[in-house]
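# Observations on chain architecture
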Amino acid sequence: MKLGIVGLPGSGKTTIFNALTGSTAETSAYQGGKKDPNLAVVKVPDGRLDRLSSMYEPKKTTPARVHYVDIGGTVSVKKDIDSSMDEFMRFIHPVDALVHVVRNFERAGEPPRPADDLDALESEFVLADLIAVEKRMERLKKEIARARKGDPKELELLKEAYTILEEGEALRAYPEIAQSPVLRGYAFLSAKPCILVLNSGDEVGLGTTDLRLPKGVVFIEIKGRLEMELAQLSPEDAGLFREDMGLEEPATFRLIRESYRLLGLISFFTVGKDEVRAWTIRLDTPAQRAAGAVHSDIERGFIKAEVVSYEDLMAYGNYSGAQKAGKVRLEGKEYLVQDGDIINFRFNV
Ligand SMILES: Nc1nc2c(ncn2[C@@H]2O[C@H](COP(=O)(O)OP(=O)(O)O)[C@@H](O)[C@H]2O)c(=O)[nH]1
Ligand SMILES: [Mg+2]
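Here the structure is a predicted model, which means the values were calculated and not measured. (Residues numbered from 1 in each chain as written. Chains lettered and ligands numbered in written order. Predicted model: local features only at pLDDT ≥ 70, side-chain atom pairs only at ≥ 80, totals over all residues. Heavy atoms only, no water.)

### Let's talk about the confidence of the model for the protein
- Per-residue confidence for the protein averages 89 on the pLDDT scale, and 92% of its residues sit at or above 70.
- Of all secondary-structure elements in the protein, the lowest mean pLDDT belongs to helix 3 (residues 81–92), at 69, while strand 10 (residues 302–309) reaches the highest, 98. (pLDDT = per-residue confidence, 0-100. Helix = DSSP H or I, 4+ residues; strand = E, 2+ residues; numbered from the N terminus.)

Take a look at the structure:
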C-alpha cells in the first residue's frame, strides 16, 4: 500500500511523516525552496503475524509494508500550475490514498483554522481536476469529430466528472467515476481515497472540531510533534511515555488500520519453516488472484488453496490439530479469501 502525504505548507506534513515512519526528515517553519520528497517504508504491525512466527520459528518473518511519500512543495493550482503540478503528479499518481494533513496548532501567532484549511486544499484538488478534465475534453471532442480514435464513453464520463467538479465536489464520492477503468489513467486528485489527519499541537487536548468532512473521507487526529518525538525513542521508552501521558497505541498503527479499512484491504498469511509472511489484498479477491500476490507462476498453475483461518489454527494449537478437527479446507479458485486466512497454495508449473 502506498500513501501520499499532502497538505498546505506548514501544516506539519513532514512532522507527520516522521511520526508515522520514525524518520528524521527536516521539518521547517520556513517554507522556501523546493525539496525532494521524503520516502519511507514501514512494517504493518500485526499481532497475528507475530504469533504465527513464534509458532513456526521460520528463518524469516515478513510483514506487509506501507510506503509513505511526503511530497515536498505544494499543490497550488493558482501559482505556476504546469511545472509544480507535473512534479507533484509524478509522485501522487501511484499512491493508493492521500493522507491530508491539516494544521491544528498555533503557528507564529496564527490560530489554527482546520476547517478553512481543509476546504482550501480540497478546492485546489477539485480545481486541478477541473482543469485536467477540461483539457482532455477539448482534445477528445476534436478526435471524435475527426472520427479518429476518441472514445465517446470516455467523453460521457468526463462530462459527468465536469458537472460534479463544477459544483465544487470531489470525485471520490462518485465511485462510478472515481474507479472507472476508462478514466484510470488520469489519477484525479479529488478521486483518491483520503484520510484526513488533524495535526494537533501538544498543548490542546484531543477533541472534536467543527470540521466538515467531505463524503468518503476518513478522519483521525494525531498530535504530530509529540508522536514524532516518541517515534524517535526506543519502543520501551516510548511505551513508558505513552502510559504516563495516557496515550494509546502509536498514531502509525491507527493510521494503517484506517487505511486498510478505507481501501478495503485485508491480509492473508503463508507459513512454513523458511518464511512466515503477510500479504495484502483487496477484500473479495478470489483465491487464484490472491495467489498472484505471492507469485505469478502460482496464479497461473493454481490447483487448489489449502485454507485454515487464523482463529482455528490458534484454537487447535497447530496445523495438524486443526487438520484433524477438519478445519483445514480445500478451496477452489473462486473462493473469496478472508482476512486472516492461512493459505497453502497447490499449483503446478
Ligand atoms: N506546536 C506544534 N508545532 C508543530 C506541530 N507539527 C508541526 N509543527 C511545526 O510546524 C512547522 C512546519 O512543520 P512541517 O512538518 O515542516 O510542515 P510541512 O511544511 O507541512 O512539511 C515546524 O516548525 C514544526 O515544528 C505540532 O503538532 N505542534
Ligand atoms: Mg515538509
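There's more to say after this.
### Describing the nonpolar core
- Judged by nonpolar contacts, the single largest core of 39 residues is most densely connected at Tyr 68 and Leu 255.
- Setting aside chain neighbours within four positions, we find Leu 255 in contact with Leu 3, Leu 20, Tyr 68, Val 99, Ile 195, Val 197, Ile 220 and Ile 222.
- Grouped together as the second largest cluster of nonpolar side chains are 20 residues, Ile 71, Ile 92, Val 102 and Leu 211 included. (Core = buried A, V, L, I, M, F, W, Y, C linked by side-chain atoms within 4.5 Å. Buried < 20%, exposed > 50% of the residue type's maximum accessible area, 1.4 Å probe, protein only. Contact = heavy atoms within 4.5 Å.)

### Examining a nonpolar patch on the surface
- A cluster of nonpolar residues, Leu 233, Phe 241 and Met 245, forms a patch on the protein surface that exposes about 250 Å² of accessible area.
- Within the secondary structure layout, Leu 233 lies in the loop between helix 7 (224–231) and helix 8 (235–245).
- A residue is classified by how much of its surface remains accessible, and Leu 233, at 32% relative accessible area, is partly exposed. (Patch = residues over 30% accessible without salt bridge, like charges linked within 9 Å, V, L, I, M, F, W, Y side chains within 5 Å. Areas by Shrake-Rupley, 256 points an atom, 1.4 Å probe, with all protein chains shown as cover. Salt bridge = Lys/Arg side-chain N within 4 Å of Asp/Glu carboxyl O.)

### Some points on the sheet that holds strand 5 (residues 97–104)
- A sheet is described by the order of its strands in space; here six strands give the open sequence 2-4-1-5-6-7, paired in mixed fashion. Single-partner strands in this sheet number two, and they are strand 2 (38–43) and strand 7 (217–222). The sheet shows a mean angle of 25° between the axes of neighbouring strands, taken without regard to direction. (Pairing = 2+ DSSP bridges. Axes fitted to C-alpha atoms, helices over the stretch in contact; angles between N-to-C directions.)

### What about the site of ligand 1?
- Around ligand 1, the structure places 18 residues, and the nearest of them are Gly 10, Lys 13, Thr 14, Thr 15 and Ser 28.
- One of the backbone N or O atoms of Ser 200 is found 3.3 Å from an oxygen atom in ligand 1.
- In this structure, a nitrogen atom belonging to ligand 1 sits 3.2 Å away from a side-chain N or O atom of Arg 225.
- Relative to its unbound accessible area of 580 Å², ligand 1 is 88% covered by the protein chains.
- Secondary-structure elements contributing two or more residues to the shell around ligand 1 are helix 1 (13–21), strand 6 (194–200) and helix 7.
- Among the elements that take part in the shell around ligand 1, helix 1 stands out by supplying three residues, more than any other.
- Of the residues that constitute the shell around ligand 1, the class distribution is three nonpolar, twelve polar and three charged. (Near = heavy atom within 4 Å. Polar contact = N/O pair within 3.5 Å; in protein donor to acceptor, adjacent residues only side chain to side chain. Nonpolar A, V, L, I, M, F, W, Y, C, P; charged D, E, K, R; others polar.)

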